[in-house]
Amino acid sequence: MSWAILSWCTRALPRKTTRLASSLVSTLEYPTLVFIRRNLYTQVAENCRIGDGVQLDDFCRIGANTVIGENTRVGRFTEIGSHCRIGSFVRIDSHVLVDSNTQVGNHCTVYPFAVLGYPPQDKKYKGEETSLEIGNRCQIREGVKVERGTSWSNKTVIGDDVLLMSNVYVGHDSWIGEHVTVANNVSIAGHVKVFPFAVIGGHCALHQFVRIGRGAMIGGMSAIRRDVPPFCLVTGTPPRLRCLNYHQIWKKVGNHPQRKWMKRCFDYLFLNKEDDAHSSFGPHRESIFQRAQNLLFQYALQQDVACDVSRDVIREICTFILDSRTNSVRGLLTGDCER
């Protein structure tokens with residue numbers, strides 16, 4: 001009879017969400033059914049620290065030793081595990097699952113049905129203590145799943161100002177740099193590095209240990225099995241380097257001679273036209289690493305033609321190519337179709 005009366009009382013209470021001050025939150029040794037400011041069955045576990053102005057909606061659950069910053073909202077049926085740190089001015093919508101040892105930066109938005117920081121899908125993971133770190137001002141859309149790390153690097157990292165669109169999967173031990181945009185239904189395997197300002201088109205798949213260079217753009221439906229150099233555009237199946245990522249570069253390089261010089265550098269590095277023996281950079285019969293070394297030596301002599309931005313872009317591409325000799329696991333994607 002008492003349970004029936006309690007159920008009737010809870011249905012009679014208004015469900016409007018109200019602001020929750022830190023002094024009103026009880027720390028419980030074990031999560032139990034509690035009422036906090038007309039919120040139904042909000043569970044707050046032991047040693048939680050809740051900032052001023054936090055809103056906890058009905059039926060949400062906060063694990064032990066979790067810190068939530070000020071003016072953050074946690075939606076209905078959302079669960080946040082133990083030892084998590086949620087920043088200030090964060091909005092976590094309904095039906096979001098955040099597992100233990102997850103850190104979310106300030107001014108982030110997490111949309112419904114996202115799953116963050118759960119154990120990785122990796123056979124070498126044996127339950128060790130690992131984490132997930134998400135930077136500031138990130139948008140994590142519906143159905144996104146980001147796994148925490150394994151003992152290989154102990155954490156998965158998402159940088160600042162990252163947009164993960166609906167149904168994106170980010171595997172364990174991956175590193176996503178600042179200002180990266182990942183379109184819908186992209187699968188990023190474990191140990192992947194995506195450098196800042198890269199754009200990955202919809203329905204792409206990135207193989208384990210692949211590196212995506214700074215400012216690169218991957219066309220939709222591509223299966224990337226090798227490293228992509230910076231500021232390059234990759235499209236097709238099998239994927240192939242098409243040209244420079246003009247969308248990123250031409251915003252800062254407006255002079256026509258400078259653009260022409262950059263196109264010639266790209267052709268020399270990746271297109272490997274053996275018939276162009278009279279090129280200003282020399283014959284094209286060398287390996288791509290030799291061509292990158294030659295171009296690094298030559299670009300300093302092009303100061304009368306190339307501006308600082310264009311020289312920096314070419315230098316970063318050449319440095320990435322030379323670095324791939326020692327740090328690349330999957331090899332380098334070149335102008336030839338990947339077999």
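Residues numbered from 1 in each chain as written. Predicted model: local features only at pLDDT ≥ 70, side-chain atom pairs only at ≥ 80, totals over all residues. Heavy atoms only, no water.

Moving on: the state of the cysteines. In total, this model carries zero disulfides according to the counting rule given. Among the cysteines around cysteine 318, which has no disulfide bond, cysteine 265 carries the closest sulfur, lying 7.4 Å off. With relative accessibility at 0%, the residue cysteine 318 sits in the buried group. (Disulfide = S-S within 2.5 Å. Buried < 20%, exposed > 50% of the residue type's maximum accessible area, 1.4 Å probe, protein only.)

Mapped onto the fold, valine 90 is located in the loop between strand E8 (85-86) and strand E9 (91-92). Sequence spacing of valine 90 and glycine 105 is 15 residues, and the spatial spacing of their C-alpha atoms is 7.8 Å. Setting aside residues no more than four positions away along its own chain, valine 90 makes contact with Asn71, Thr72, Arg73, Val104, Gly105, Asn106, His107 and Cys108. (Helix = DSSP H or I, 4+ residues; strand = E, 2+ residues; numbered from the N terminus. Contact = heavy atoms within 4.5 Å.)

Time to look at the pairing of strand E29 (residues 232-235). The pairing of strand E27 (residues 217-218) with E29 spans two bridges and is classified as parallel. Looking at E29, one finds that isoleucine 218 is bridged to valine 234. In the sheet, E29 pairs with strand E30 (residues 240-244) via four bridges, with the strands oriented antiparallel. When the bridges of E30 are listed, valine 234 appears paired with leucine 241. The antiparallel pairing of E29 with E30 creates a hairpin that spans four residues between the two strands, and glycine 236 there sits at a positive phi of about 95 degrees. (Pairing = 2+ DSSP bridges.)

What follows is about the packing of aromatic side chains. Per the stated rule, a full pass over the model turns up seven aromatic pairs. An aromatic cluster of at least three residues, connected via ring pairs, comprises Tyr41, Phe59 and Phe77. Over the face of the ring belonging to tyrosine 111 we find arginine 91, whose NZ or CZ atom lies 5.3 Å from the ring centre. Stacked on the ring of tyrosine 111, the Lys or Arg arginine 141 has its end atom at 3.9 Å from the ring centre. (Phe/Tyr/Trp six-rings, centres within 6.5 Å; stacked < 30°, edge-to-face > 60°. Lys NZ or Arg CZ within 6 Å of the ring centre and 35° of its normal.)

Position of phenylalanine 209 among the secondary structure elements: in the loop between strand E25 (205-206) and strand E26 (211-212). Look at phenylalanine 209 and you get partly exposed, because its relative accessible area is 25%. Here the alpha-carbon distance between phenylalanine 209 and arginine 225, two residues 16 residues apart in the chain, equals 8.8 Å. Among all residues touching phenylalanine 209, those that are not within four sequence positions of it are Trp152, Gly190, His191, Val192, Asp227, Val329 and Arg330.

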